[in-house]
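Each chain, written out:
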Amino acid sequence: QVQLVESGGGLVQAGGSLRLSCAASGSTTSINGMGWYRRAPGKQRELVSIIIRSGTTNYADSAKGRFTISRDNVKNTVYLQMNSLKPEDTAVYYCNAYDYHGTSYWGKGTLVTVSS
């Protein structure tokens, strides 16, 4: 089992920045990919960015050029640096991790609100 705890959400003005963190605990050696999803009001959950243990990353088109994902494999923590935030980035951001068996784990989410 893997437990994920997010932090770093909050209220920011458009154009501002936030850094989300997600700390994993438990069976962390089994984790392959870690990443972030978000669910905006009235919308389905969508992928924001993901990073696998080797360091390979993937970004949603909406995140490219503004968001940067990084990972500290020693601390078992994944970060999402979000710059040039827009009101449409307002959402609950969820940390996700999946292991080598394909089991997926989720954090409880952290709210990001971007005011115009």
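One can find the structure itself at the top, above this paragraph.
Residues numbered from 1 in each chain as written. Predicted model: local features only at pLDDT ≥ 70, side-chain atom pairs only at ≥ 80, totals over all residues. Heavy atoms only, no water.

**Some words on the overall build of the chain**
Rule in force here: Starting at the N terminus, helices and strands are each numbered in turn, a helix being any DSSP run of H or I of at least four residues and a strand any DSSP run of E of at least two. It is over C-alpha atoms that the radius of gyration is taken, and the globule rule equals 2.2 Å times the number of residues to the power 0.38. Burial here depends on accessible area, computed with a 1.4 Å probe over protein chains only, as a share of the maximum for the residue type. Under 20% is buried, over 50% is exposed, and the range in between is partly exposed. Residue contacts follow a heavy-atom distance rule, with two residues in contact if any of their heavy atoms lie within 4.5 Å. Charge assignment in this entry is limited to Lys and Arg as positive and Asp and Glu as negative, and neither His nor the chain termini are counted. We put the charge of a Lys on NZ, of an Arg on CZ, of an Asp on CG and of a Glu on CD.
The helix and strand tally for the chain stands at zero helices and eleven strands. For the chain, the succession of helices and strands along the chain, N to C, is β-β-β-β-β-β-β-β-β-β-β. Taken over C-alpha atoms, the radius of gyration comes to 13 Å for the chain, in line with the 13 Å a tight globule of 116 residues would show. By residue count, 45% of the 116 residues in the chain fall in the buried class. Sequence-distant contacts in the chain: of pairs separated by 6 or more residues, those separated by 24 or more amount to 54%. Here the chain carries 12 positive and 7 negative side-chain charges, and the mean point of each set is 2 Å from the other.

**Observations concerning the state of the cysteines**
Definition in use: Note on disulfides: each one is a pair of cysteine sulfur atoms within 2.5 Å.
Taken as a whole and judged by the stated rule, the model has one disulfide. The disulfide partner of Cys 22 is Cys 95, and the gap between their sulfur atoms is 2.0 Å. Its S-S torsion of about -85° marks the bond between Cys 22 and Cys 95 as left-handed, since a negative value means left-handed. One end of the pair, Cys 22, is in strand S3 (residues 18–26); the other, Cys 95, is in strand S9 (residues 91–99), with 73 residues separating them in the sequence.

**Topic: the sheet that holds strand S8 (residues 77–82)**
Filter applied, for reference: When DSSP finds at least two bridges between two strands, those strands are taken to pair. The axes used here are C-alpha line fits, helices contributing only the stretch in contact, and every angle between their N-to-C directions lies in the interval 0 to 180 degrees.
Reading across from one edge, S1-S3-S8-S7 is the order of the four strands in this open sheet, with antiparallel pairing throughout. Unpaired on one side and paired on the other, strand S1 (2–7) and strand S7 (67–72) mark the two borders of the sheet. This sheet shows a mean twist of 15° between the axes of neighbouring strands, independent of strand direction. Across six bridges, S3 lies against S8 in antiparallel orientation. Bridge pairing in S8 links Leu 18 to Met 82.

**What about the side chain of Arg 66?**
The condition is simple: Polar contact is the term for a pair of N or O atoms within 3.5 Å; when the atoms are in protein, one must be able to donate a hydrogen and the other to accept it, and sequence-neighboring residues count only if both atoms are side-chain atoms.
You can see Arg 66 is positioned in the loop between strand S6 (57–59) and S7. A polar contact is formed between the side chain of Arg 66 and the backbone oxygen of Ser 84, at a distance of 3.0 Å. Here Asp 89 takes part through its side chain, which lies 2.7 Å from a polar atom of the side chain of Arg 66. Leaving out residues up to four positions away in the same chain, Arg 66 has contacts with Gln 81, Met 82, Asn 83, Ser 84, Leu 85, Lys 86 and Asp 89.

**Digging into the nonpolar core**
Operational definition: Remark: nonpolar core denotes a set of buried residues (Ala, Val, Leu, Ile, Met, Phe, Trp, Tyr, Cys) joined through side-chain atoms within 4.5 Å.
Of all hydrophobic cores here, the largest spans 28 residues; its most connected members are Leu 4, Met 34, Trp 36, Leu 80, Met 82 and Tyr 93. Sorting the residues of this core by element identifies S1, S3, strand S4 (31–39), strand S5 (46–52), S7, S8, S9 and strand S11 (110–115) as the ones contributing at least two each. Excluding residues that lie within four positions of it along the chain, Met 82 makes contacts with Gly 16, Ser 17, Leu 18, Leu 20, Arg 66, Phe 67, Tyr 93 and Val 112.

**A few points about the packing of aromatic side chains**
This is how the line gets drawn: Only Phe, Tyr and Trp rings take part, Trp by its six-membered ring, and two of them pair if their centres are within 6.5 Å. Stacked means planes under 30 degrees apart, edge-to-face means over 60, and tilted covers everything else. Put simply, a charge is over a ring when the Lys NZ or the Arg CZ is close to the ring centre, within 6 Å, and near the line of the ring normal, within 35 degrees.
Taken as a whole and judged by the stated rule, the model has one aromatic pair. Considering the side-chain rings of Tyr 37 and Trp 106, the 5.0 Å spacing of their centres and the 65° angle between planes classify their relative orientation as edge-to-face. In this pair, Tyr 37 is assigned in strand S4 and Trp 106 in strand S10 (residues 104–106), connecting sequence segments 69 residues apart. Here Trp 106 falls in the partly exposed class, since its relative accessible area comes to 34%. Directly above the ring of Tyr 79 sits Arg 19, whose terminal nitrogen or CZ lies 4.0 Å from the centroid. Its end group placed over the ring of Trp 106, Arg 45 keeps NZ or CZ at 3.8 Å from the ring centre.

Purely geometric stuff here, so don't read any function into it on its own.
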